Amino acid sequence: MNKLRKLAKIIINSGFRGTLAKTRVAAGVEHIPVLFALDTCRTVVDIGANRGQFALVARHCLPQARIFSFEPLPEPAAKFRTVFSDDPSVTLYQSAIGPVRGEAIIHLSARDDSSSLLPITAMQNTLFPGTGEAGTATISVGPLADHLPPQAIEPSALLKLDVQGFELQALQGCEVLLERFSHVYVECSFVELYAGQALADEVIAWLRERGFGLRGVYNVAHDRQGRAIQADFLFGNGGVLSHTDSFPPRSDSQGKG
């Protein structure tokens, strides 16, 4: 979804428009078709929450859901708390998710939503100008089970990850609780934007081995030659379609990052 179309979708929604005006946080409206198709979800675990862009559309599409968000960086976490200060059904944890509890070095992008626990490559900045590395910081990281007990993840549940190349490690940090989720929605790359990252085929294989089948691919970002760079992948628990599964319309993008 290009920037003008995204802005138009935000402006026509009074809630999104008001949030943008008050906080300068733009709702991730490109995810609306997927979330409306998952309208039975009662729990959303939002890993890589940044300023609340995804949580805003999750609240809009899934008003009944309890949302647990994770964002390790202090500045976007503070903005997130401002956005959701009046919503008791949204909880933010200022932590990254990974397989081992401790502290880690995060590579800060000039655009903080492109920061990563993996080094930022030159290709990332070439494809998405302005996202190069601007420094590092120390953050907290740990398994999802350190923050949420199994009973907090009420079915049906969606696990969303947008963690800039750290997808496989974050999924490993969720593995103990993975069976609690009916769907996983994760941004993956087809090229190495962060040094050492698992690419889309590796993430697909890891989830397939754990019973999650690929349901669809959305919001595909391309380079100027038309080559696919990254996309959002939706997986369903069970590996086969059930009567509750549906396929929202395809949504393409020319520039994510």
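Further up the page is the structure itself.
Heads up: these notes are all about the structure in this document. (Residues numbered from 1 in each chain as written. Predicted model: local features only at pLDDT ≥ 70, side-chain atom pairs only at ≥ 80, totals over all residues. Heavy atoms only, no water.)

1. Structural notes on the overall build of the protein
This is how it is decided: Per the convention used, a helix needs a DSSP run of H or I reaching at least four residues, while a strand needs a run of E reaching at least two, with both numbered from the N terminus. Computation of the radius of gyration draws on C-alpha atoms alone. For the globule rule, the value is 2.2 Å times the number of residues to the power 0.38. Contacts were defined at the residue level, with two residues in contact if any of their heavy atoms lie within 4.5 Å. All accessibility values rest on the Shrake-Rupley procedure with a 1.4 Å probe; residue burial counts only the protein chains present in the view.
Check the secondary structure of the protein and you find eight helices and 11 strands. Taking 2.2 N^0.38 as the reference for a compact globule, 257 residues should give roughly 18 Å; the C-alpha atoms of the protein span a radius of gyration of 17 Å, in line with that estimate. The contacts in the protein between residues at least 6 apart in sequence include a share of 69% that link residues at least 24 apart. Here the protein displays about 11,600 Å² of accessible surface, and carbon together with sulfur accounts for 54% of that area.

2. Considering the side chain of S95
For the record, the criterion: Burial here depends on accessible area, computed with a 1.4 Å probe over protein chains only, as a share of the maximum for the residue type. Under 20% is buried, over 50% is exposed, and the range in between is partly exposed. Polar contacts here mean pairs of N or O atoms no more than 3.5 Å apart (in protein, one a potential hydrogen donor and the other a potential acceptor; neighbouring residues in sequence count only if both atoms are side-chain atoms).
Mapped onto the elements, S95 comes out in the loop between β3 (90-93) and β4 (96-97). We classify S95 as buried; its relative accessible area is 4%. Of the polar contacts made by the side chain of S95, one reaches the backbone oxygen of S140; its length is 3.4 Å. Among residues more than four places away in sequence, those in contact with S95 are F70, E71, P72, S140, V141, G142 and H147.

3. What about the sheet that holds β4?
Applied cut-off: Between any two strands, at least two bridges found by DSSP are needed for them to pair.
Spatial strand order, β4-β6-β5: three strands in an open sheet with mixed pairing. Edge positions in the sheet fall to β4 and β5 (102-109), since each has one partner strand and no second. Two elements, β5 and strand β6 (residues 133-142), share eight bridges in a ladder whose sense is antiparallel. Across the sheet, residue E103 finds its bridge partner in β6, namely S140.

4. What about the packing of aromatic side chains?
Worth spelling out the cut-off: Between rings of Phe, Tyr and Trp, where Trp is taken as its six-membered ring, a pair exists when centres lie within 6.5 Å; planes separated by under 30 degrees are stacked, by over 60 edge-to-face, and by other angles tilted. Here, over-ring charges are defined by two tests on the NZ atom of lysine or the CZ atom of arginine: distance to the ring centre within 6 Å, and angle to the ring normal within 35 degrees.
Inspection of the entire model under this criterion finds four aromatic pairs. When the centroid spacing of 4.9 Å and the interplanar angle of 15 degrees are considered together, the rings of F70 and Y93 count as stacked. Pair noted here: F70 is in strand β2 (residues 66-70) and Y93 is in strand β3, with a separation of 23 residues, a long-range link. Residue placement shows R210 over the ring face of W206; its charged tip is 3.9 Å from the ring centre.

5. Focus on the environment of R5
Considering the arrangement of structural elements, one finds R5 in helix α1 (residues 3-11). Under the relative-accessibility criterion, R5 is labelled partly exposed at 47%.

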